[in-house]
Amino acid sequence: MRSTQAKTLASFFLFSSLSTTLAQLTPPANLPGAWTYQGCYTDVAGRTIGAAGYADAVGMTNQACIAFCSSKGFQYAGTEYSQECFCGESLAPAATVAAGDCTMACSGDATQPCGGPSRLSLFYSSAPVGPQPNPGVNGFTYMGCYSEGTTGRTLTHPITTITNAEMTVGLCTAACHTAGYILAGVEYGGECFCGNTIANGGARATSGCNMLCNGNQTEFCGGGSRLNIYNYLNQFSATSSSVSSTRSSTSTAVAGTTSTTAGTGVTTSTGGTAATTSTVSTSTLVATGPAQPPTVGNFNFYGCRTEGTGIRALSGATFASDTMTLESCRAFCAAYTYFGVEYSRECYCGNSFNAGSLPAAAGDCSMTCMGNTLEFCGAGNRLSVYAKSGTPPPSSSSSSTGTSRSSTVTGATATTSTPAATGLPAGWASYGCYIDGRQGRILNYQAPDSQLNTPGRCANICKDLGYTISGTEYSVQCFCGNSIVNGGSPATNQAECGNNCAGDPTQKCGGGDRMSIVSQGAPQVLLPPAPQTGGLNGSWTYAGCVRDNVNDKRTFFWQSLFPGTMTPNKCLTRCAEYGYMAAGIEYGEECYCGDPANVVDTTYYRPESECNIVCPGNSSSICGGGSRLTTYFWTGTPFYSWTFPQDWRAGQYQFLIGGLNIPLMTMESITGKVQFISKGGTGPGNETGVYELDVSLAQSNPAQAWRTLHLKTDVFCAAGITLPDKVGRQLTVGGWSGDSTYGTRLLWPDGSAGVKGVRDWQENVAELHLQKGRWYPSVMIMTNGSILVVGGEEGSNAAAVPSIEILPATGTEPIRMEWLARTDPNNLYPFLAVLPSGGIFVAYYNEARILNAATFDTIKTLPNIPGAVNNPLAGRTYPLEGTAVLLPQRYPYNENPLGVLICGGSSNGGGYALDNCVSTYPDAATPEWKIERMPSFRVMPCMAPLPDGTYLIANGAKHGVAGFGLANQPNLNALLYDPTKPLGSRITVMANTTIARMYHSEAITLLDGRVLISGSNPEDTVNPEEYRVEVFVPPYLLAPGKARPTFTLVDKDWTYGSTHTFTLGQPAQNGGPITVTLLGAVSSTHGNSMGARTIMPQMSCTGTSCTVTAPPTANIAPPGWYQFFVLDAGIPAVGVYVRIGGDPAQLGNWPNFPDFSRPGM
């Protein structure tokens, strides 16, 4: 997931030295298209060409740069500093030729010049460049740009196996060919559809196919409601019939106007008497998606059913298999009357249904079989049930679709004017003549036409297939179903069913658009499809038919697909689960989630007739149309309620000081000074990798505020923590490559406000090192005072290190963790915490578990962490980077469980940043995750605990993943999260910054109560490499008329459960109460605030004399240093550091090597 733009210092210096010794570097002679070498040019301030660019420390060549710029449509390309590529449409006026200055070899080809310091090797194309429609691939040829259909998708089969971010024409055509289709279409940059015909009114379009493929920026992948369509071996002809069927048949034409009934391939007429027989040639139908077969061997589909009450619906026998099919379950249950398949892989047999098993809507059985994805095998608490042939079918009431609008017609059997049907199955009777075809067939299944057709023969065919209703039409046609749909209703005159049956002219078999109905009991009639307005899950209200793709932008952002099973309630339930108060359904099976405000104005609303596609999972309901959304708004208690203060309550960003480096980690020491630690190769050439900031001098004397410190190895993506020894040494472990990954570095902080320290970082990898080299690990102080190191990679995008180890080393080898190996590379910088139960909580990727602190075995596995509404596999740790904190622990601790809060993150593939927070209480008997919406998307955020028990959420981007050049759209907005408020109402939208804080940005709370905001190292040529340092001033420091308290605390070294006295500088002035908060010392990097913890201990005051009781155990407060704040009515005093729990692991005597200073015990 990480870009190769990370700078390999060794490679950089190697190529720099080569540039001074090579006698000649030669521009490439063979360039693509109309590209030519222009010479060596100066790179002026603001860039000679700077519209786009990237860097590659190991593979840059001039040809690679030209290809990149061509893909972006730019005619100028230039390389610089061996590894940088820039593109543009024109040259800056101040640029001049600098012949002979381009002396640096390309990082990917040492024979080519790739510019030099502020020098570009420049290339130009005299012909326009840029993406084009792919002319053809995989045997498919390009047909052109087509509009989406007006009544459904132009190509009706969606491909869901290719991620949106990976989409190319090649992948889509290959997937369609594998699925058996001759047409493939790409749309919206990342969507793929297949078919065998141009359907539902799709037509050639003259424009609109202008979106680049997400997986190949050199070709187009359609646009909004536009498809680039490809034809396999030119098998499809635009002039050929679009009617597809599985059979050739004969039909009896009748006098009158002849027509072809859409979708059947059968030539029919409007009425009259029997005349001639004609044969209709049809083509082969290819399955377009999963279905529920009407028969499996000698078993017939019986319906979708629930499990029993406290017992399996079928309890005779069972087996499960990851290759489950309906056929394998039938064979296993051959001796039983019924078999049912559930959860895609579980098979159950029985001779009767146990108590509580009830019929369910057919659309509920929506999981495909693990051994055959073209068949449905039940779902959660839903069985696809089959009954042995001859078993009485379920009653008509059992075929209800739950929320379908229906009625039961109790009309008489055949009237005296209609000859009585004969040969009907037991319990079946005639129910008269019905109107067919108003909105489609009124019975969904059509049997083959037959010259032997009679009502009795048709009824027996339908009964054997498991249906309860049959209908005959046009003398030879037989239809089956379990309900009458699509607006079917009794004809006003029974004589309209006047066609003699082909198999018995004395009986009647329908007529032109008229069907003679026979049913087992009164037939259930589903009313004509319409937007569902009743029976909705929760407080949803139908809002209307709404436009989609306005200006090529989705009305509602998040898309989920329910192919073949969509009902309004499926979509509404999904959107509500993730806190969205608007839901839209489109093209019958696509669900979109968003907010009512996304429907910008009344122009978005369209006539109801434009939403005209029936829901496949509920044929009485409408599920949108072509680029039209059947839209619902939540009108109950809001899922979220954010506040937007415009005064001091919004807080304030303030510039603090100009920095000397771009930190990837910040740590405040117990002296109040802040370590700014950066990776090698960032910043000016004299950078040492670490600087110390004296915040007290930042604005009064910035020149004296910084102190230079030194590191020997590269801490790029290391971990950090403050030790519980008596001087609060700071530790970093791991790093980028080589020895750095084993690095174990220590700083003994010294000095004070306004007084520089003299100590420096100490390290010697030959003396002190990790057992396993680690890049992107996490660290934590355990309850016994030891240091737990978890996870990482070998360095520089190498193999996973799926293990844990302890410092000081115990002599035990690192312990391999299966869950780390399985979830690499999405589990880096996992979130760690000691729990009050004594276990160790760890969250990684989209999983969480609790470990035994002694054996590191798993005690409890939590439910998976919810991700995006359309992607449960979205993640929360690097590179899908979110941020996490522990919610406040309040005295009495046994009455207030410890919670975990995780905010933001991103999705694999598309890089869609998340717009939610999730929280849980891990020590609960059955922990569950609660989802809360955030006001905007956010990946790479930071979260800082504040003294008043709230949390500042800042920094990050609105799209992408963590890494160099892998995210865009900086999120400039701060949020304040208050856990004392109800879920959904905890977020306040705060002030904005003007500085993009992207990859490698940090946020830590200072002793003065402000939040230090630093860093941003995106390397994307769009957002700057950020040296400026800001502070966020929370509202409690801006409240008008509120005084900050002061206090004196003498004893700053506490044992567990001890009581300590502090004295207020003055009585409470803000109306009280006086409270105390302890915040764990933090190391902030990559959204992970290692060491963060918020504790609100027992305390009391009499006048200005107060006492505070230390937390009782290491499970509540692991050994270490904590910021101690006294608050008056939520306004904090300037804090001090206290130590709690001593140094039980005797880290003060570690490490015992010559190059390290030890403070002792």
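Residues numbered from 1 in each chain as written. Predicted model: local features only at pLDDT ≥ 70, side-chain atom pairs only at ≥ 80, totals over all residues. Heavy atoms only, no water.

An unreviewed UniProt entry lists the protein under the name Fungistatic metabolite, with Rhypophila decipiens given as the organism.

### Thoughts on the confidence of the model for the protein
The share of residues in the protein with pLDDT of 70 or more is 90%, and the mean pLDDT across the chain is 88. Below a pLDDT of 50 lies the segment residues 1-23, which in the model reaches 51 contacts outside its immediate sequence neighbourhood of four places, other chains included. Low pLDDT, under 50, characterises residues 240-288; the stretch is placed with 103 contacts to residues that sit more than four places away or in other chains. (pLDDT = per-residue confidence, 0-100. Contact = heavy atoms within 4.5 Å.)

### Overview of the nonpolar core
If you look at the biggest cluster of nonpolar residues, it comprises 46 residues, and the most contacted ones within it are L723 and I787. For this core, the elements supplying multiple residues, two or more each, are β48 (665-668), β52 (719-722), β53 (730-733), β54 (744-747), β55 (778-781) and β56 (787-790). Ignoring sequence-local partners within four residues, the contact set of I787 consists of L723, L731, V779, M780, I781, E805, I806, L807, L1147 and W1150. Judged by nonpolar contacts, the second largest core, of 42 residues, contains L536, Y542, I622 and V989. (Core = buried A, V, L, I, M, F, W, Y, C linked by side-chain atoms within 4.5 Å. Buried < 20%, exposed > 50% of the residue type's maximum accessible area, 1.4 Å probe, protein only. Helix = DSSP H or I, 4+ residues; strand = E, 2+ residues; numbered from the N terminus.)

### Here's the deal with the side chain of S70
Tracing the backbone through its elements, the reader meets S70 in helix α2 (residues 62-72). Polar side-chain contacts of S70 include one of 3.2 Å to the side chain of W35. Those residues in contact with S70 that sit more than four places away from it in its chain are W35, V129 and G130. (Polar contact = N/O pair within 3.5 Å; in protein donor to acceptor, adjacent residues only side chain to side chain.)

### What about the sheet that holds strand β58 (residues 815-816)?
Hydrogen bonding along the main chain pairs the strands of a sheet, whether they run parallel or antiparallel. Spatial strand order, β55-β56-β57-β58: four strands in an open sheet with antiparallel pairing. Both edges of this open sheet fall to β55 and β58, since each of them pairs with a single strand only. As defined by bridge partners, strand β57 (residues 803-807) adjoins β58 across two bridges and the pair is classed as antiparallel. From the neighbouring strand, I804 faces β58, where its bridge partner is I815. (Pairing = 2+ DSSP bridges.)

### Looking at the UniProt feature "domain: WSC" (unreviewed entry) in the protein
As recorded in UniProt, the feature "domain: WSC" (unreviewed entry) lies at residues 34-126, 139-233, 298-389, 427-521 and 539-635. Counting secondary structure, residues 139-233 comes out at 11% helix and 37% strand; the distance between its end C-alpha atoms is 6 Å. (UniProt positions renumbered as here; feature names shortened; annotations may be inferred.)

### Structural notes on unusual backbone geometry
Note that the residue after L807, namely P808, is joined by a cis bond; omega there is -10°. Along the chain, P808 turns up in the loop between β57 and β58. In the segment running from G1072 into P1073, the intervening peptide bond is cis, with an omega of 5°. Structurally, P1073 can be placed in the loop between β79 (1059-1064) and β80 (1074-1080). Phi at N234 takes a positive value of approximately 55°, unusual for a residue other than glycine. In this structure, N234 sits in the loop between β15 (226-232) and β16 (249-254). You can call N234 exposed: its relative accessible area is 52%.

### A short note on helix α3 (residues 169-178)
For α3, every residue scored as buried is listed here: V169, C172, T173, A175 and C176. Along α3, the residues classed as buried sweep out an arc of 160° about the axis, all on the same side. Downstream of α3 by a residue or two, G180 has a phi angle that is positive, lying close to 95°. (Arc of directions from axis to C-beta.)

### Things to note about the state of the cysteines
Counted by the stated rule, this structure contains 22 disulfides. Across the disulfide from C176 sits C194; the S-S distance is 1.9 Å. A torsion of -80° about the S-S bond marks the disulfide between C176 and C194 as left-handed. Of the two residues, C176 is situated in helix α3 and C194 in strand β12 (residues 191-195); the sequence distance between them amounts to 18 residues. Across the pair, exposure class does not vary: C176 and C194 are buried alike. C717 carries a free sulfur, and the closest cysteine sulfur to it, the one in C942, is 13 Å from it. A relative accessible area of 0% places C717 in the buried class. Of all cysteine sulfurs, the one in C903 lies closest to C942, which takes part in no disulfide; the gap is 12 Å. Among the residues examined, C942 registers a relative accessible area of 3% and is labelled buried. (Disulfide = S-S within 2.5 Å.)

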